[in-house]
Amino acid sequence: MTVIGAFAPGRVNLIGEHTDYNLGFALPIALELGTTVTFTPDGSAAITAVSDSETASSVIPLTTAPGGVTGWGAYVAGCVWVLGEAGIAVPGGRLEVSSDVPVGAGLSSSAALECAVLLALTSAADGPVPDRIALAKLAQRAENHYVGAPTGLLDQLASLCAEPDAALLVDFQSLDLTTVPADFGDCYRLLVIDSRAPHRHADGEYAARRSVCAAAAAELGLDSLRDAAPDDWRRLVDPVQAARARHVITENARVVDAADALRASDYARFGALMNASHISMRDDFAITTDQIDLIACTAAAMGAIGARMTGGGFGGSVIALASAEAAERIIADLPTAVVDARFNEPTVRAVRPGAGAHLL
Ligand code: ADP
Ligand code: MG
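Here the residue index of a chain counts from 1 through its sequence in written order. Starting at A for chains and at 1 for ligands, labels are handed out in the order in which the entities are written. Local features in this predicted model are restricted to residues of pLDDT 70 or higher, and side-chain atom pairs are both shown and tallied only at a pLDDT of 80 or more, whereas totals for entire chains, interfaces and linings draw on every residue. Hydrogens and water molecules were not included; the side-chain quantities draw on all heavy atoms of the structure.

**Some remarks on the site of ligand 1**
A single heavy atom is enough: if one lies within 4 Å of a molecule or strand, its residue is considered near that molecule or strand. The local shell around ligand 1 holds 15 residues, among which Ser51, Gly104, Ser108, Ser109 and Ser110 are the closest. The contact in question runs from an oxygen atom of ligand 1 to an N or O atom on the backbone of glycine 104, over 2.8 Å. Within the contact set of ligand 1, an oxygen atom lies 2.6 Å away from a side-chain nitrogen or oxygen of serine 109. In isolation ligand 1 exposes 570 Å². Once the protein is present, 79% of that is buried. Nitrogen and oxygen atoms within 3.5 Å of one another constitute a polar contact, given that in protein one can donate a hydrogen and the other can accept it, and given that sequence-neighbouring residues count only through two side-chain atoms. Under the convention used here, a 1.4 Å probe and the Shrake-Rupley method define accessible areas, while residue burial counts only the protein chains that appear.

What follows is the structure, encoded as C-alpha cells:
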C-alpha cells in the first residue's frame, strides 16, 4: 500500500495588506514551519483524519458537502469536496496531520493544512496533479465555501509557490508570480511577534473593508482599485472611501518598491516601506489595534529598521526587520514592555524564508 507524505509551510506576508481582493500586489514568504500530512489509502468510502494537535478524529465521507463535517476536520473535508467538484476522484484512507505552525497566530496554519492535504490527496488520485495556481484556488474555495472563512488567495499561493531564501511577488490581477531573492544577509533578522491578543471576530470588519473598496472603485468608474492612478483617491467625496482607497493605492506601490529594495539588498529602504505600510494600515485602513501599534512602535524604538502588522488586522502578528543585535534586544525586552502596558505577553520568533509545499 502506498503511503503519501506531503509538507506545506505556513507563511508570513512581508508587505501588501488587503491588496489581494483589490487585485493588487503582495509579497509573502513561506516559513520553515509547516504541516505534514501522511495519507494511507485503504479503499474505503471515507477519509479518517487525525491530528497531533486535536484530540478528536474526523471521519469524512468521500461524498461530503458543505455543512457535512464541522470542527478542524472541515478543512480536510473542504479539500475532499473541492476535489470531487473538480472531477478528481480521491480514495478513502487514513490521513495523519502533524504541524509546528502555531494556530491562530496569523501564520496561516489553515492554508498549510489545506495545501498539504490537497497535495497528498491529488497525488493519491488517478490522473494529473493540478498546477500550483489551480491547487491554490481549490484550497481557497475549500476555506471559503466549506469552512466558511472569507479569505483571499495570498496564503495558499505563498504556501504552494514560494521558494527558500526568497519572497514571492504576487500580482493578483494576472496571477503572475515572481520570485524575489530575500535572504536578508547575515546581518539582519526577520522577527514575527505574535500579539496573542484575545481572538477578535473580525469577519464583519473584513467584509466592511471589502465593500468600501468595491464602492470606491465603482465611484471612480474602475473594475478594481488596482487600476486607480496615484491621486485618484482625491476624487472620492466620501472621506472613509478616500482613506481606504489611499491605503490600497499606496500599499500597492509600496509592495512593488519593496520587491525592488529586496533585489538591491537595500534593507534600509525595505524597512522604511514596512513602517509606512504600518502607518497606512493604522490611519487610512483602520485595521490595527492599540496593542499592535504599541508592538510595532516598541520594536522600532528598540532598533528595528522596519516594523508592521502583518495579516488581516485587528490583532495577529507584527513583523520586524532588525540587525542581529537589535533583534536580540527585541526578543529579550519587548514582551515585558508590552506586559507593562497591560497587554497579553507577545511571543517573538526569528523566521527565515523557507521552501514551498512539496511531496516527501
Ligand atoms: P491561522 O491564522 O493559523 O490560519 P485560522 O483560524 O485561519 O488561523 O485556522 C486555524 C484552524 O485551522 C484551527 O482552529 C484548526 O481548525 C485548523 N488547523 C490548522 N492547523 C491544524 C492542524 N495541524 N491540525 C488540525 N487542525 C488544524
Ligand atoms: Mg487561516
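**What about the nonpolar core?**
By size, the foremost hydrophobic cluster in this structure holds 51 residues, and its most contacted members are Leu95, Val117, Leu118, Leu121, Leu157 and Phe172. Numbered from the N terminus, helices here are DSSP runs of H or I no shorter than four residues, and strands are runs of E no shorter than two. Here this core takes nine residues from helix α2 (residues 109-124), the largest share from any one element. By size, the runner-up hydrophobic cluster in this structure holds 38 residues, among which are Tyr21, Leu236, Met309 and Ala322. Only buried residues count toward a nonpolar core, which is a set of Ala, Val, Leu, Ile, Met, Phe, Trp, Tyr and Cys residues joined through side-chain atoms within 4.5 Å. Accessible area is worked out with a 1.4 Å probe on protein chains only. A residue is then buried under 20% of its type maximum, exposed over 50%, and partly exposed in between.

**Observations regarding helix α8 (residues 290-301)**
Expected helix span is computed as 1.5 Å times (number of residues minus one). Along its twelve residues, α8 runs 16 Å from first to last C-alpha, staying within 8% of the 16 Å computed at 1.5 Å per residue. Taken as a whole, α8 has its buried residues at Gln291, Ile292, Asp293, Ile295, Ala296, Thr298 and Ala299. Those residues of α8 that are buried are in contact with β9 (188-194), α7 (267-283), β10 (306-310), β11 (317-323) and α9 (324-340). Glycine 303 lies just past α8 and shows a positive phi near 110 degrees. Whether two residues are in contact is decided by their heavy atoms, any of which lying within 4.5 Å being enough.

**A word on the domain arrangement of the protein**
Where each domain begins and ends is defined by an automated method or by a domain database. Domain boundaries in the protein define domain 1 (4-180) and domain 2 (182-351). Here the C-alpha centre of domain 2 lies 25 Å away from the C-alpha centre of domain 1. Each partner contributes to the interface: domain 1 provides 32 residues, whereas domain 2 provides 43 residues. Put simply, buried area is how much 1.4 Å-probe accessible surface two parts lose in total, over both of them, once they are put together. Taken together, the two surfaces of domain 1 and domain 2 that pack against each other cover about 3000 Å², and 65% of this comes from carbon and sulfur. Counted as salt bridges are all cases of a side-chain nitrogen of Lys or Arg within 4 Å of a carboxyl oxygen of Asp or Glu. If you look at where domain 1 meets domain 2, you find two salt bridges. Among the salt bridges present, the one from aspartate 171 reaches arginine 226, with a minimum N-O distance of 2.8 Å. Connecting domain 1 to domain 2 are 17 residue pairs in polar contact (both at pLDDT 80 or more).

**Side note on unusual backbone geometry**
The phi angle at leucine 23 is positive, at roughly 60 degrees, despite the residue not being glycine. Structurally, the position occupied by leucine 23 is in the loop between β1 (4-13) and β2 (25-26). On the accessibility criterion, leucine 23 (31% relative accessible area) is partly exposed. With a phi angle near 70 degrees, arginine 342 is a residue other than glycine that sits in the positive phi range. With respect to the helices and strands, arginine 342 occurs in the loop between α9 and β12 (347-351).

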